[in-house]
Amino acid sequence: MMDAFLNFIIPWTDPKLLMLVALGTFSGIYVGAIPGLSVTMAVSILISFTFSWEVYEALCLMVGIYMGGVYGGSRTAVLLNIPGAPSAIATSFDGYPLAQKGEAGEAIGLSTTMSFVGGFIGIAVLAVAAPMVSEFALRFQPRDYMLLAILGILLVGSLSGDSLVKGIFAGSLGLLIGCVGLDPLTAQERFTFGMIDLWGGISFVAAMIGMFGVAEALIQLRYVDKTAVKQKLTRIVPSLKSVRKYLPLSLQTSSIGVIIGALPGTGGDIAALMAYDHAKRVTKDPKVPFGQGAKEGLVAPETANNAAVGGAFIPMITLGIPGDAVTAIIIGALFVHGLNPGPMLMIEQPQMFWFIVGCLTLANVFMLIFGLTGVRIFTKIVEMPRTVMIPLILMLSIVGAFAVNNSITDVYWMLGFGVLGYFMKLYGYQVGPVILGVILSTLIDENWRRAIISEQESLPKLLGGILTSPLSLVLFLAVVFIFVSQTPLWARFKARRKA
Amino acid sequence: MTRKILGAAVAAVLTATPVLADFPAKDMQGIIMWGAGGGTDVIMRAVTPHAEKAMGAKVVMQNMSGGVGAISVKYTYAQKADGYTLLMGAENPQLYKVMGLGDVDYADFIPISMLARGVPVIVAQSDAPFDNFREMVDYIEANPKTVKFGSTGPGGLPSVVNAMLGSQVNLDVTTVPYNGDGPAMTALQGGAIDVFPVVIGAALDHINAGRMKAIAVVDTEANPALPGVQPIVEDYAEYATYLPWGPFFGIWVKKDTPEEAVTTLQAAYADALDAPEFQAFLDQRGFTPMNIAGDEAQEYLDRWQSVSSWLVYESGLAKHSPEKFDIPRP
């Protein structure tokens, strides 16, 4: 045990490994910040690249890229309103308004520090309670995933801005877009109109880049001659006092991140959105309303998506079950290096576990260092004149959409969604619920059908199953509570109690 | 005059150098038929680095799962036949025709290398109330519809094994579909399904760790990787007519790819297969190395298609009759 634990400090003391983690984290931040370039892609390219290396060296680089990449997505979300990755969507809701107010530096500083806190909590849970958490995550049945997805759908309520009806419309549009392609369970064609290009569905990253990036650029065109906001650069590193102020919230949102991250089948994107909703629910009197630059709205998703990194490693290391797409590829890498990731890894090679925990911790520290340096230069981006900025956003969007699958079709989709997003924004529809719908569509579709098939297609039996399993019951009650708490009935009830 | 001679000389040099002599001139793209972390994915990622070394070029691999692999097949088929797009797949396309998943299958591709094949094993939850195949059949008979079998979609390995099992005994079970053997085995460990037929390599570790138990090996003899697990023919000799049957993994390029490219690729992957690390990997995961290409591979593919197509057709799973596509009876 002690011998194995000593592996924790190997990446810290070996200069070569230290450098590799630093290099990985640094490049991860930039890979993550560019929409369309994903951590998954970077790590899978690294497998061939690091093939002849020692396994420790390869792992250092991959873990660094993973940690840095998840954080990096927030950078473009705050500065340009284009989330670098789906897990940074929620960051843009309040991060971008902050940048528009001239507080980009502070927003980046806060999101970096909070990513560090979230990342650290995720790693701590991995180190202390990995076997327990993975057994818990395994216990999620199809009906539980279904309830979780319904819980996610209810987030439309907090993402829809002024009009709930418009939010529900946008969310339904997202669910519909997510249904396009071959049926995941039976391979029947759905909404494909006989076109093979539609078999794989509509790339939701392309939709995201279009609806956020291009739509934003088009909106900006309306204000081309307005001068950009001057950025205040008084404070970048948040004070200890404000970190302490957000600590209770970040502990809660990090727990959401760890658990959603540890579930095979859900990842940082859903975790960040749920955390955002949670923050909105528990923050009684935000200094600034949510959606207009509330600090809480930045803290919640950033802690959750970085906590999800540690979470995703939990089932991977203990059972060889990937918590998300990146850990699935890291499993492949371990195979290539002659290791046997699976339920025996923790028993046969406990040193590997502590080595990965050590790498993650180190990468988290580097993320904080690299994240807080150079912020001044980055905030200059927002000060650029719009005539320079708009073409830049468009170019970044096109490159990003192409990079997802090397497909020009995705670029057309992206542009189409951009125009759609522009008109939606113009008429007061939020684009957030659309992306939420696309993300959750497959999850809810597959798991509802698996759940009902498992109960021999009997609805009463499914309900019985939900009411008799403690886990399902808790999720079910959460769904009911969140639904009821958003109805006018509840508001009246609360008002009467106050009076 | 001198100019003309010069021109002729240049032309001669140009035509004398076969255009593809230096294949590969750029990086290649490898399309993996199933998702990251699954059986196909792991094999392809383990073998390809060795082939890259032999060719001196990179193969950028990408997972393109969905539609029981049909999306990756259609995609590769839509690319140029220049040898720069490799299809890294499993057995599934050989059933597309009868399953109604399209007309493109391995007949439209040239086998670069058939890397390995596997033997299916039926695994069950470790606390399932049966320990061998006969007990399982009896239990299912006594409790119709309550036992949940995992599947990976029409034409996936579990669907064929289920068809095979159902051809001899009455299996009244509920089938729950998943997106690959990884997610299905996770569901098995969490209790969402009870039984899952899967290739030995994917389940071996979980069986050894006691997280699931092996009910029977779908083969004519016991497997060295799983000593003590009875072959399915022990209780039901009738299954011998379908066996040996199992999934296989290989690499293909589109038909009409230039000879030079095919030869280079075949040689590179043949070398890669012999790499001791890869052989050890296959051995450890319970896969049988094949290392066949060209006509030999085609023969294997045809036989496999004929056995499996008729099997799924006769069990009522298929949409079309194999006769429609001139697939001969085995």
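Trainee: Sorry, what's going on with the domain arrangement of chain B here?
Mentor: Many authors give the size of an interface as the accessible area that is lost as the parts come together. Residue and element names in this part refer to chain B. Considered domain by domain, chain B is made up of domain 1 (7–117 + 247–325) and domain 2 (120–242). Taking only C-alpha atoms into account, the centre of domain 1 sits 28 Å from that of domain 2. Ranking the residues of domain 1 by area buried against domain 2 places P247, R285 and L311 at the top, with a combined share of 33%. The interface formed by domain 1 and domain 2 holds one salt bridge in total. For D205, the salt bridge identified is with R285, shortest N-O distance 3.5 Å. Applying the counting rule to domain 1 against domain 2 returns two residue pairs in polar contact (both at pLDDT 80 or more). In terms of residue count, helix α11 (residues 294–314) provides more of the side of domain 1 that touches domain 2 than any other element does, three residues in total.

Trainee: Before we go on, may I ask you to explain helix α2 (residues 39–55) of chain B in this structure?
Mentor: Since one α-helical turn is 3.6 residues long, residues separated by three or four positions face the same way. All names here are of chain B. For α2, spanning 17 residues, the distance from its first C-alpha to its last is 25 Å, which sits close to the expected 24 Å at 1.5 Å a residue. The axis of α2 is deflected most strongly, by about 30°, at T48, and proline P49 appears within four residues downstream. Of the residues flanking the end of α2, it is G56, one or two places downstream, whose phi is positive at about 70°.

Trainee: Can you walk me through the sheet that holds strand β1 (residues 28–32) of chain B in this structure?
Mentor: Within a sheet, each strand pairs with its neighbour through backbone hydrogen bonds, oriented either parallel or antiparallel. Residues and elements named next belong to chain B. The strand order across the open sheet formed by six strands is β2-β1-β3-β10-β4-β11, and the pairing between neighbours is mixed. Because the sheet does not close on itself, it has two edges, and the strands there are β2 (59–63) and β11 (288–292). Strand-to-strand, the axes of this sheet are offset by a mean angle of 20°, without reference to chain direction. Alignment of strand β3 (residues 85–90) against strand β10 (residues 248–254), held across four bridges, turns out to be antiparallel. When the bridges of β10 are listed, G89 appears paired with G250. Packing of α11 onto the sheet brings it into contact with β4 (109–117), β10 and β11, and relative to β4 it is tilted by some 75°.

Trainee: Before we go on, may I ask you to explain a nonpolar patch on the surface in this structure?
Mentor: Residues and elements named next belong to chain A. Taken together, I398, F402, I408, Y412 and L415 make up a surface patch of nonpolar side chains, about 470 Å² in accessible area. Mapped by element, the contributors of at least two residues to the nonpolar patch are α19 (386–405) and α20 (408–426). Ranked by residue count, the leading element in the nonpolar patch is α20, at three residues. Checked against the element boundaries, L415 lands in helix α20.

Trainee: Sorry if this is basic, but what is going on with the interface of chain B and chain A here?
Mentor: Counting residues at the interface gives 42 residues for chain B and 35 residues for chain A. Between chain B and chain A, roughly 3400 Å² of surface is buried when both sides are summed, and carbon and sulfur atoms account for 63% of that area. In this structure, the connection of chain B to chain A is made through one salt bridge. When the shortest N-O distance is used, the salt bridge between E135 of chain A and R211 of chain B registers 3.1 Å.

Trainee: Sorry if this is basic, but what is going on with the nonpolar core here?
Mentor: A general trend in soluble globular proteins is that nonpolar side chains are found buried together. Core analysis: the largest hydrophobic core is formed by 272 residues, its most contacted members being F313 of chain A together with F133 and Y239 of chain B. Element by element, the count of residues in this core is highest for helix α5 (residues 55–80) of chain A, at 14 residues. In terms of domain composition, this core takes at least three residues from each of domain 1 (7–117 + 247–325) and domain 2 (120–242) of chain B. Residue contacts for F313 of chain A: discarding those within four places in its chain leaves V63, Y66, L126, T327, I330, I356 and L360 of chain A.

Trainee: Quick question: what am I supposed to make of α19 of chain A here?
Mentor: Residues and elements named next belong to chain A. With 20 residues, α19 ought to run about 28 Å at 1.5 Å a step, and its terminal C-alpha atoms sit 30 Å apart, in line with that. For α19, the full list of buried residues reads R386, M389, I390, I393, S397, G400, A401, A403 and V404. Looking straight down α19, one finds its buried side chains confined to an arc of 165°; they lie on one side. For α19, exposure combined with an orientation more than 90 degrees from the buried face picks out T387, M395 and V399. Directly beyond the C-terminal end of α19, a positive phi value near 50° is found at N406.

Trainee: What am I meant to see in the packing of α5 of chain A against helix α15 (residues 325–336) of chain A here?
Mentor: Each pair of packed helices can be summarised by the angle the axes make with each other and by the distance between the axes. All names here are of chain A. Packing of α5 against α15 leaves a shortest axis separation of 11 Å and a crossing angle of 170°. Accordingly, the angle class assigned to the pair α5 and α15 is roughly antiparallel. On the side of α5, the interface is formed by V55, L59, M62 and Y66, while α15 contributes V326, T327, I330, A333 and L334. Its residues assigned to classes, the contact of α5 with α15 comprises eight nonpolar, one polar and no charged.

Conventions and cut-offs
Residues numbered from 1 in each chain as written. Chains lettered and ligands numbered in written order. Predicted model: local features only at pLDDT ≥ 70, side-chain atom pairs only at ≥ 80, totals over all residues. Heavy atoms only, no water. Domains from an automatic or database assignment. Buried area = accessible area lost by both parts, 1.4 Å probe. Salt bridge = Lys/Arg side-chain N within 4 Å of Asp/Glu carboxyl O. Polar contact = N/O pair within 3.5 Å; in protein donor to acceptor, adjacent residues only side chain to side chain. Helix = DSSP H or I, 4+ residues; strand = E, 2+ residues; numbered from the N terminus. Expected span 1.5 Å × (residues − 1). Bend = angle between axes of the 7 residues up to and from the residue. Pairing = 2+ DSSP bridges. Axes fitted to C-alpha atoms, helices over the stretch in contact; angles between N-to-C directions. Contact = heavy atoms within 4.5 Å. Patch = residues over 30% accessible without salt bridge, like charges linked within 9 Å, V, L, I, M, F, W, Y side chains within 5 Å. Areas by Shrake-Rupley, 256 points an atom, 1.4 Å probe, with all protein chains shown as cover. Core = buried A, V, L, I, M, F, W, Y, C linked by side-chain atoms within 4.5 Å. Buried < 20%, exposed > 50% of the residue type's maximum accessible area, 1.4 Å probe, protein only. Arc of directions from axis to C-beta. Parallel < 35°, antiparallel > 145°, perpendicular 65-115°, else oblique. Nonpolar A, V, L, I, M, F, W, Y, C, P; charged D, E, K, R; others polar.

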